[in-house]
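# Architecture at a glance
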Amino acid sequence: MIAGGVIVAAGRGERFGQTSKILAPIAGRPMLAWSLDAFGQCPAVRDLVVVVGPHTENDVRDLIAGGHWPTVTGIVEGGLSRAASVANGIAALSDDVDVVVIHDAARPLVNHHDIQRAAIAAFKHGAAILATPVTDTLKRVSAERVIEETIDRSSIWAAQTPQAFRRLELLTALGEVTNSGWTDEAMVFERLGFDVKILAGSRDNLKVTLPEDLDIVDFLMRRNLGML
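Residues numbered from 1 in each chain as written. Predicted model: local features only at pLDDT ≥ 70, side-chain atom pairs only at ≥ 80, totals over all residues. Heavy atoms only, no water.

Let's shift gears to the sheet that holds strand β4 (residues 45-52). In space, the seven strands of this open sheet follow the order β5-β4-β1-β6-β10-β7-β11, with mixed pairing throughout. Among the strands making up the open sheet, the edge pair consists of β5 (72-77) and β11 (197-200). With strand direction ignored, the average angle separating the axes of adjacent strands in the sheet is 25 degrees. Relative to β11, strand β7 (residues 127-133) is paired through four bridges, and the arrangement is parallel. Its bridge partner lying in β11, I129 is registered against I198. Seen against the sheet, helix α4 (residues 112-125) touches β1 (3-9), β4, β6 (99-104), β7, β10 (157-166) and β11 and runs at an angle of roughly 60 degrees to β10. (Pairing = 2+ DSSP bridges. Helix = DSSP H or I, 4+ residues; strand = E, 2+ residues; numbered from the N terminus. Axes fitted to C-alpha atoms, helices over the stretch in contact; angles between N-to-C directions. Contact = heavy atoms within 4.5 Å.)

A separate point is the packing of aromatic side chains. Tallied over the full model, the rule gives two aromatic pairs. Arranged with centres 4.7 Å apart and planes meeting at 40 degrees, the rings of F165 and F189 form a pair that is tilted. Residue F165 is located in strand β10, and its partner F189 is located in helix α6 (residues 185-191); the two are separated by 24 residues in the primary sequence. A relative accessible area of 0% means that F165 is categorised as buried. Looking at F189, the relative accessible area reads 1%, which means it is buried. A network of ring pairs unites the aromatic residues F165, F189 and F194 as a single cluster. If you follow R29 out to its NZ or CZ, it ends over the ring of W34, 4.5 Å from the centre. (Phe/Tyr/Trp six-rings, centres within 6.5 Å; stacked < 30°, edge-to-face > 60°. Buried < 20%, exposed > 50% of the residue type's maximum accessible area, 1.4 Å probe, protein only. Lys NZ or Arg CZ within 6 Å of the ring centre and 35° of its normal.)

This is the structure in structure tokens:
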């Protein structure tokens, strides 16, 4: 099995409040560096493509040029949507890649073991994602923020990345999608009737979306590294 990684780092970070979120410092290093490390340590991943936005492309190129990530085989510009950005990343991978592992750069606490697990499960089942069971009580609310119902959480999981797919199935799925409004690749597979395997992920694998998330992730990274 040959896996290719696609790190999506093209977002503009509107909710974060600054456009260079993927370069914000985590434990003294740019956020993106941690995902690059994890993919570089994963035995299954031979090639790695980073999808960037025009606002951070030069800085990302400088970061990668100054680091040691030999599996990085391409840096490509993203599109106007996540769908377009992911498609650009996949197109930059070699044709002999069996499995594509897609990851959001805003999840710097990913580890190479989970990347490997996702790649192997996708090769076996066709598609696999990391996720965690929801433990909070969930409420469906109206536009006026009035509770309409309590949702049964027993079968509800919160999706994470990495998400991995056999390359040919992924290309087939993306080719059949006419709506670019999907929020993750598993959603495309789900709507087209493909099975997607759920793998239990780590609750540490948080996504940095808001400024306060940065402090939490920084603390967890420092704890994991024994820096506290």
